[in-house]
Amino acid sequence: MSHKFYTILLLSSFLNAETLGLLDINWKQVNKEVVMSKPQKAYPKKLTDVIGKMTLPVYLPSNYLYESKYTLIADANFYTMSYHLEDNARLSITGDRTFQDTLNPNTTDGQSLLKASKMIEFYPAEGLMSTDFGRNGANYTLLVECYDSISDKRCTDKTFLQNIYNKLIIVGGTK
Amino acid sequence: MRKVLPFFILLLLSGCATKTVVPENGGAEHIEVGDDSFGGEVQDSQNGIIVDKGAKFSSTPAGVLYPSKSGKGRANDNTIYIPSMRFPIEKAPAYINSQVYGVGGINGEKGKSCDKKNYQYPWHDNFCETRTWGMPMCPSGKGHQGVDVRPMSCEKAKYWAVATENGIISYIGSYTVSLRGDSGRIYRYMHLDSPSVIVKEGAKVKRGERIGLVSDNMGGTKTSIHLHFDVQQTVNLGNGVSKKVFVQIYTSMVDAYKRLLNGRP
Ligand SMILES: [Zn+2]
């Protein structure tokens, strides 16, 4: 089977670590999860070679539709992997190790965010179904966008996305 | 110190998370902020399109939602979270107000969404407008994720949405385009006219570069002609805890718009 596989390689070679905050990754926990991570079918080596070099755990669906073509946009600390599902929807997962702001957790906003960081919510918003979650120090967004946002259940009911979420596995990432 | 990483997949990342606060008087010359007056002339063009030219810009404060039944905002949050952001529509005028509670909206005054009342200043914040999904930064715990912006007239596929900072196009769906800025923020542009989207996934774009035309596309169905614009960033709470959130974007939009009006977008 030939994979319809597109990777976007970004060619700059340095990172200014002082002007951009990086979150600490709990690699000990990640390594435990990696052992448990078993895709239904191995991702192509060409892809895993690339994502193996990212500095955050790269979560991807274990059960994604293998026939779909996919696009990876990535740098060392960030990726968006998106799948063109053949039946008129687009599934994407974004992982990010950077942060842009800090907040004292004892403030009102800080308390709200602290509470939210412990919850998983699947929300239909603007015709999309998505969820944001943190794992092992990094942050992720899982999202499905339907060509028919009103009648396609994947975008109105959380079941489809929840199933994908429950079967995310770590496919790469390194300290 | 710059850390050199040998990987071939790296993108130059730059930018810093700075904040500024809107001066109480608004700060910009020739522009009134927080003034409810509408001093402009409303003209109807030949094809009935409403064009509001020469009106003096004004905006109601952040956190004050209009109409008040549309929800509770983040009162007194005058922080400009993204001080250098370019306004996401290429040209002024543009109008931030509710699509749901405005004229022609499902919970709004009876009429058409093209009604001239929707194409007037002042702007109204709608970041925390009532929705059904969770928004931890909104007082009710629920809210809109961003703000809705109408372009200068009620014509679809005519006005360009543009890049708010340098970055890379990280995702293109059927009506959504995501730009990951060099700062790491994700800017989402929704309801664009799909055939007009001139960027490709993975394309590096410059601040102000055209992305696609503002329309009413919502994936097989239609909404009013507007740009839904939202921004996500990650907030570090310390002790290994962080949260990705939608940023209160109204004040940054006011700031960016004033710069656009002053010819320094
Ligand atoms: Zn909206």
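Preceding this paragraph is the structure being described.
Now for a quick tour of the structure. (Residues numbered from 1 in each chain as written. Chains lettered and ligands numbered in written order. Predicted model: local features only at pLDDT ≥ 70, side-chain atom pairs only at ≥ 80, totals over all residues. Heavy atoms only, no water.)

**A word on unusual backbone geometry**
Trans peptide bonds make up the majority, and among non-glycine residues the majority have a negative phi. Put simply, Tyr-66 of chain B and Pro-67 of chain B share a cis peptide bond, and its omega is -5 degrees. Relative to the helices and strands, Pro-67 of chain B is located in the loop between β4 (50-53) and β5 (79-80). The omega angle of the peptide bond from Ala-92 of chain B to Pro-93 of chain B is 0 degrees, so this bond is cis rather than trans. Relative to the helices and strands, Pro-93 of chain B resides in the loop between β5 and β6 (95-96). Unlike most non-glycine residues, Asn-136 of chain A shows phi in positive territory, near 55 degrees. Relative to the assigned elements, Asn-136 of chain A resides in the loop between β11 (128-135) and β12 (138-146). Of note in this structure, Asn-239 of chain B is not a glycine but carries a positive phi near 55 degrees. (Helix = DSSP H or I, 4+ residues; strand = E, 2+ residues; numbered from the N terminus.)

**A word on the state of the cysteines**
Residue and element names in this part refer to chain B. Counted under the stated rule, the structure contains three disulfides over all chains. A disulfide bridge connects Cys-114 with Cys-154, and the sulfur atoms are separated by 1.9 Å. The S-S bond linking Cys-114 to Cys-154 shows a torsion near -65 degrees; that makes this disulfide left-handed. Residue Cys-114 is located in the loop between β6 and β7 (147-150), and its partner Cys-154 is located in the loop between β7 and β8 (160-162); the two are separated by 40 residues in the primary sequence. Here Cys-154 falls in the buried class, since its relative accessible area comes to 9%. For Cys-128, the disulfide goes to Cys-138, at an S-S distance of 2.2 Å. Here the S-S torsion is close to -85 degrees, and the disulfide linking Cys-128 with Cys-138 is therefore left-handed. (Disulfide = S-S within 2.5 Å. Buried < 20%, exposed > 50% of the residue type's maximum accessible area, 1.4 Å probe, protein only.)

**Digging into the nonpolar core**
Phe-87, Trp-123, Tyr-189, Phe-229 and Met-253 of chain B are the most contacted members of the largest nonpolar core, which has 51 residues in total. Elements with a minimum of two residues in this core: β10 (123-125) of chain A together with β6, β7, β9 (167-172), β10 (176-181), β11 (186-190), β14 (227-238) and α1 (250-261) of chain B. The element contributing the most residues to this core is α1 of chain B, with six residues. Counting residues in each nonpolar core, the second largest holds 38 residues, with Leu-56, Tyr-79, Cys-155 and Leu-161 of chain A among its members. (Core = buried A, V, L, I, M, F, W, Y, C linked by side-chain atoms within 4.5 Å.)

**Things to note about the coordination of the zinc ion**
All names here are of chain B. Within the protein, the zinc ion binds to His-144 (NE2), Asp-148 (OD) and His-228 (ND1); these donor distances fall in the range 2.1 Å. All donors to the zinc ion come from one chain, and their sequence spacing reads H-x3-D-x79-H. With His-144 in the loop between β6 and β7 and His-228 in strand β14, this residue pair connects regions lying 84 residues apart in the sequence. (Donors = N, O, S within 2.8 Å, 3.2 Å for Na, K, Ca; no water.)

**Overview of the pattern of salt bridges**
Per the stated rule, a full pass over the model turns up 15 salt bridges over all chains. The residue Asp-75 of chain A makes a salt bridge to Arg-180 of chain B at a minimum N-O spacing of 3.2 Å. Taken together, the positions of Asp-75 of chain A in strand β5 (residues 69-75) and Arg-180 of chain B in strand β10 put the pair across two chains. Judged by relative accessible area, which is 0%, Asp-75 of chain A ranks as buried. Judged by relative accessible area, Arg-180 of chain B falls into the buried class, the value being 1%. Residues Glu-129 of chain B and Arg-131 of chain B are paired through a salt bridge, measuring 2.8 Å at the closest nitrogen-oxygen approach. Given the relative accessible area of 0%, Glu-129 of chain B is considered buried. By relative accessible area, Arg-131 of chain B is classed as buried at 14%. Connected via shared salt-bridge partners are Asp-75 and Asp-96 of chain A together with Arg-180 of chain B. (Salt bridge = Lys/Arg side-chain N within 4 Å of Asp/Glu carboxyl O.)

Just distances and angles here, no functional claims.
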